[in-house]
Amino acid sequence: MRFAVLVFPGSNCDIDCYKAVEETIGQPVDYVWHTATDLSPYDCILVPGGFSYGDYLRCGAISRFAPVMNEVAKAAEEGKYILGICNGFQILTEAGLLPGALRRNDSMKFRCHDSVLKVNNNTTPFTRDYAEGQEIVIPIAHGEGNYYCDEETLQKLRDNRQIVFTYQNNPNGSVEDIAGICNERGNVIGMMPHPERAVSSLLGSDDGKAMFTSILQAWRDTHGAANVR
């Protein structure tokens, strides 16, 4: 299985994502610059956190026009796995690959600390190694993590089980305590907390490891033993 870690001007969690893949599941992983026009070699695309293009205009609003995002949309349509973390989540909403938007935290302050999440849906390719209702500790680091959508969209998220993670103690004012959502198909997920920063107990939590092992096992189950590396 091959992973791509996208790199935009201002990305700062790309190395964390790269190392998380290396250290948790040992799969091939490459950095891919935002000007790339071919993601066909990759099975999973990670859109990392940071401050792409300095968060000018709006978080993710410029990145969504980068050439690589056309390829991300194609990959999503093909059923490949797309994981957007923090600024990556914001980019995926700006690109229309996930519904809703991320606004300023209700406190108007940057929040950076561990956060307890509840796993609301463990049937996605990203969460299968978690238990339904499991509480996990994943750090957050954001100023615009306040997830918002209208009531009609929120009801669709509920009905389709697209609310994947919720905060136990909402740090930013997100509607319905939402910390992460997926698309209807379940192959695109966005979340504000950083699982790539929680892959070792030395970092305070290794609860993020199961996200990466989930992705690998889901891919193996889909592609069969002949393609397992």
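Structural notes, computed from the coordinates. (Residues numbered from 1 in each chain as written. Predicted model: local features only at pLDDT ≥ 70, side-chain atom pairs only at ≥ 80, totals over all residues. Heavy atoms only, no water.)

Summed over all chains, the structure comprises one cavity of 30 Å³ or more. Counting residues per element, the ones that place at least two in the lining of the largest cavity are α3 (87–94) and β5 (101–103). Grouping the amino acids of the lining of the largest cavity by side-chain chemistry returns three nonpolar, two polar and two charged. (1 Å grid on protein atoms, 1.4 Å probe; cavity = no way out; pocket = protein on both sides within 12 Å on 5 of 7 lines; lining within 4 Å. Points joined across faces, edges and corners; volume = space filled by probe spheres on them. Helix = DSSP H or I, 4+ residues; strand = E, 2+ residues; numbered from the N terminus. Nonpolar A, V, L, I, M, F, W, Y, C, P; charged D, E, K, R; others polar.)

Relative to the elements of secondary structure, S205 occurs in the loop between β11 (188–191) and α5 (209–223). The exposure class assigned to S205 is buried, which follows from its relative accessible area of 9%. A polar contact is formed between the side chain of S205 and the backbone oxygen of V137, at a distance of 2.8 Å. A distance of 3.1 Å separates the side chain of S205 from the backbone nitrogen of D207, its partner in a polar contact. (Buried < 20%, exposed > 50% of the residue type's maximum accessible area, 1.4 Å probe, protein only. Polar contact = N/O pair within 3.5 Å; in protein donor to acceptor, adjacent residues only side chain to side chain.)

Let us now look at the packing of helix α1 (residues 14–24) against α5. Two numbers describe how α1 lies on α5: the axes approach to 10 Å, and their chain directions differ by 70 degrees. By the angle between their directions, the pair α1 and α5 is classed as roughly perpendicular. Considering the relative orientation of α1 and α5, their crossing is right-handed. Residues A20, V21 and T24 of α1 touch α5, and the partners they reach there are K209, F212 and T213. Its residues assigned to classes, the contact of α1 with α5 shows three nonpolar, two polar and one charged. (Axes fitted to C-alpha atoms, helices over the stretch in contact; angles between N-to-C directions. Parallel < 35°, antiparallel > 145°, perpendicular 65-115°, else oblique. Left-handed = near helix turned anticlockwise from the far one by under 90°. Contact = heavy atoms within 4.5 Å.)

Time to look at the sheet that holds strand β2 (residues 29–33). One open sheet holds the nine strands; their spatial order is β2-β1-β3-β4-β11-β10-β9-β6-β7, and the pairing between them is mixed. At either margin of the open sheet sits one strand with a lone partner, and together these are β2 and β7 (135–142). Neighbouring strand axes in the sheet, compared pairwise and without regard to direction, differ in orientation by 25 degrees on average. Pairing of strand β6 (residues 111–119) with β7 involves eight bridges; the strand directions are antiparallel. When the sheet's bridge partners are listed, R111 is paired in β7 with H142. Sitting on the sheet, helix α2 (residues 67–77) touches β1 (3–7), β2, β3 (44–47), β4 (81–85) and β11, and the angle it makes with β4 is about 130 degrees. (Pairing = 2+ DSSP bridges.)

On to the side chain of T93. Position of T93 among the secondary structure elements: in helix α3. Here T93 falls in the buried class, since its relative accessible area comes to 10%. Not counting chain neighbours up to four residues away, the residues in contact with T93 comprise L98, P99, G100, A101 and L102.

Applying the stated rule across the entire model yields twelve salt bridges. In this structure, a network of salt bridges that share partners links the residues E151, R158 and E176. (Salt bridge = Lys/Arg side-chain N within 4 Å of Asp/Glu carboxyl O.)

Turning our eyes to something else, we now look at the layout of surface pockets. A probe as big as a water molecule, rolled over the atoms, marks out the empty space that is left. Each pocket or cavity is described by its volume, and for the largest pocket that value is around 160 Å³. Around the largest pocket sit 16 residues that line it, and G50, F51, F110, A141 and H142 are the ones nearest its centre. Of all the secondary-structure elements, those providing two or more residues to the lining of the largest pocket are α3 and β7. Residue composition of the lining of the largest pocket, grouped by class: six nonpolar, seven polar and three charged.

With that settled, consider the pairing of β6. Pairing of β6 with strand β9 (residues 163–167), which is carried by three bridges, proceeds in the antiparallel orientation. Looking at β9, one finds that K118 is bridged to T166.

Turning to unusual backbone geometry, a few remarks are in order. Notably, D55 is not glycine yet its phi reads approximately 60 degrees, a positive angle. Note on placement: D55 falls in the loop between β3 and α2. Residue classification places D55 among the buried residues on the basis of a relative accessible area of 18%. Despite not being glycine, C86 shows a phi value in the positive range, around 55 degrees. Mapped onto the elements of the fold, C86 is located in the loop between β4 and α3.

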